[in-house]
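These are the residues of each chain, in order.
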Amino acid sequence: ATKNELGASEFHRLLARKQGTPDSYGGNVPKLETEKALAVYRAMSEAISKGLLRSSHTPTLGGLAAALALAAIGGDLGAEIDLSLVPCEDSLDDDGTLFSESNSRFVVTCAPENRPSLEALFCDLPCSRVGAVSAERRLRIDGEGGRRVVDIDVEALRRAFKETLYGV
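Residues numbered from 1 in each chain as written. Predicted model: local features only at pLDDT ≥ 70, side-chain atom pairs only at ≥ 80, totals over all residues. Heavy atoms only, no water.

## A few points about the overall build of the protein
Within the protein, the secondary structure is distributed over six helices and six strands. Ordered by position from N to C terminus, the α and β elements of the protein give α-α-β-α-β-α-β-α-β-β-β-α. Over its C-alpha trace the protein gives a radius of gyration of 16 Å, about what one expects of a compact globule, namely 15 Å for 168 residues. Split into buried and exposed, the 168 residues of the protein put 35% on the buried side. Pairs at least 24 apart in sequence give 75% of the contacts found in the protein among residues at least 6 apart. Accessible surface, the protein as shown: approximately 9,800 Å² in total, 52% of it carbon and sulfur. (Helix = DSSP H or I, 4+ residues; strand = E, 2+ residues; numbered from the N terminus. Rg over C-alpha atoms; globule rule 2.2 N^0.38 Å. Buried < 20%, exposed > 50% of the residue type's maximum accessible area, 1.4 Å probe, protein only. Contact = heavy atoms within 4.5 Å. Areas by Shrake-Rupley, 256 points an atom, 1.4 Å probe, with all protein chains shown as cover.)

What follows is the structure, given as structure tokens:
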């Protein structure tokens, strides 16, 4: 589940730098609930063992925004995402949902025929289908009230990612 845990996140660090207060990271830092985490990791292990996943990214560094971008880049495919479907324990705005770095979460993709088995495996955990992979190489994310908050070409994501690695 996504929580109001943006303290010391990449998002807050960026905001602090832009505001000229780089030592101010604000907000609640992510906490680990070991029993819940263990259940999620056991389900992930089983999903992997059964070959149910096509991809998996953890949104702990950069939040869902980064995990979704990396999934799109890695698969060279797009996605249509609805933030209102993300399981949240706290009331979060779009930024909070996109950039929270709560622990023990995964963004996964699977083949359509594996969806029922995957959903059954995670049925007692905070899990939700929040979107779908698309052949069109664009990442589109809708937020509150269906408002489009992200609409970007996968190649633009790839260039931005490589710039951070190589300074290109």
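Let us keep going from here.
## A short note on helix H3 (residues 63-75)
For H3, which comprises 13 residues, the first-to-last C-alpha distance of 19 Å matches the rise-based estimate of 18 Å (1.5 Å per residue) to within 8%. Buried residues of H3: Gly63, Leu64, Ala65, Ala67, Leu68, Ala69, Ala71, Ala72 and Ile73, and no others. On its buried face, H3 sits against strand S1 (55-57), strand S2 (78-82), helix H4 (94-99), strand S3 (107-109), strand S5 (138-142) and helix H6 (154-166). (Expected span 1.5 Å × (residues − 1).)

## Considerations on the side chain of serine 134
Examined against the element boundaries, serine 134 turns out to sit in strand S4 (residues 131-134). One polar contact links the side chain of serine 134 to the main-chain carbonyl oxygen of glutamate 136, over a distance of 3.1 Å. Among all residues touching serine 134, those that are not within four sequence positions of it are Leu77, Gly78 and Ala79. (Polar contact = N/O pair within 3.5 Å; in protein donor to acceptor, adjacent residues only side chain to side chain.)

## Overview of the sheet that holds S5
With mixed pairing, the four strands of this open sheet are ordered in space as S4-S2-S5-S6. Bordering the open sheet on either side are S4 and strand S6 (148-153), each of which pairs with just one other strand. Adjacent strand axes in the sheet meet at a mean angle of 5 degrees when their direction is disregarded. Direction of pairing for S5 relative to S6: antiparallel, over a ladder of five bridges. Its bridge partner being in S6, arginine 140 is matched across the sheet by aspartate 151. (Pairing = 2+ DSSP bridges. Axes fitted to C-alpha atoms, helices over the stretch in contact; angles between N-to-C directions.)

## Overview of the nonpolar core
Counting 17 residues, the largest nonpolar core has Leu68, Ile81, Leu139, Ile141 and Leu157 as the members making the most contacts within it. Mapped onto this core, the elements with two or more residues apiece are H3, S2, S5 and H6. With near-sequence residues (within four places) excluded, leucine 157 lies in contact with Ala69, Ala72, Ile73, Leu139 and Ile152. One finds Val40, Ala47, Leu121 and Phe122 within the second-largest nonpolar core, a separate group that totals nine residues. (Core = buried A, V, L, I, M, F, W, Y, C linked by side-chain atoms within 4.5 Å.)

## Some remarks on the packing of aromatic side chains
The geometry of an aromatic ring pair is captured by the separation of the ring centres together with the interplanar angle, meaning the angle of the planes. Scanning the model with the defined rule gives two aromatic pairs in all. Summarising the aromatic geometry, the rings of phenylalanine 11 and phenylalanine 99 are spaced 4.7 Å apart at their centres and angled 5 degrees between planes, so their arrangement reads as stacked. Placement of the pair is phenylalanine 11 in helix H1 (residues 10-18) and phenylalanine 99 in helix H4, with a sequence separation of 88 residues. The class of phenylalanine 99 is partly exposed, set by a relative accessible area of 23%. The interplanar angle of 80 degrees and the centroid separation of 5.4 Å between the aromatic rings of tyrosine 41 and phenylalanine 106 together place this pair among those described as edge-to-face. With tyrosine 41 in helix H2 (residues 34-49) and phenylalanine 106 in the loop between H4 and S3, this pair connects stretches of sequence that are 65 residues apart. Judged by relative accessible area, tyrosine 41 falls into the partly exposed class, the value being 43%. (Phe/Tyr/Trp six-rings, centres within 6.5 Å; stacked < 30°, edge-to-face > 60°.)

## Here's the deal with the environment of serine 9
Mapped onto the secondary structure, serine 9 falls in the segment before H1. Its relative accessible area of 0% is what places serine 9 among the buried residues. The sequence separation of serine 9 and alanine 111 amounts to 102 residues, and the corresponding C-alpha distance is 32 Å. In contact with serine 9, not counting residues within four places along its chain, are Phe99 and Glu101. Within the structure, serine 9 has its side chain in polar contact with the backbone oxygen of leucine 6 (distance 2.6 Å).

So far we have only geometry, and geometry alone does not tell us how the molecule works.
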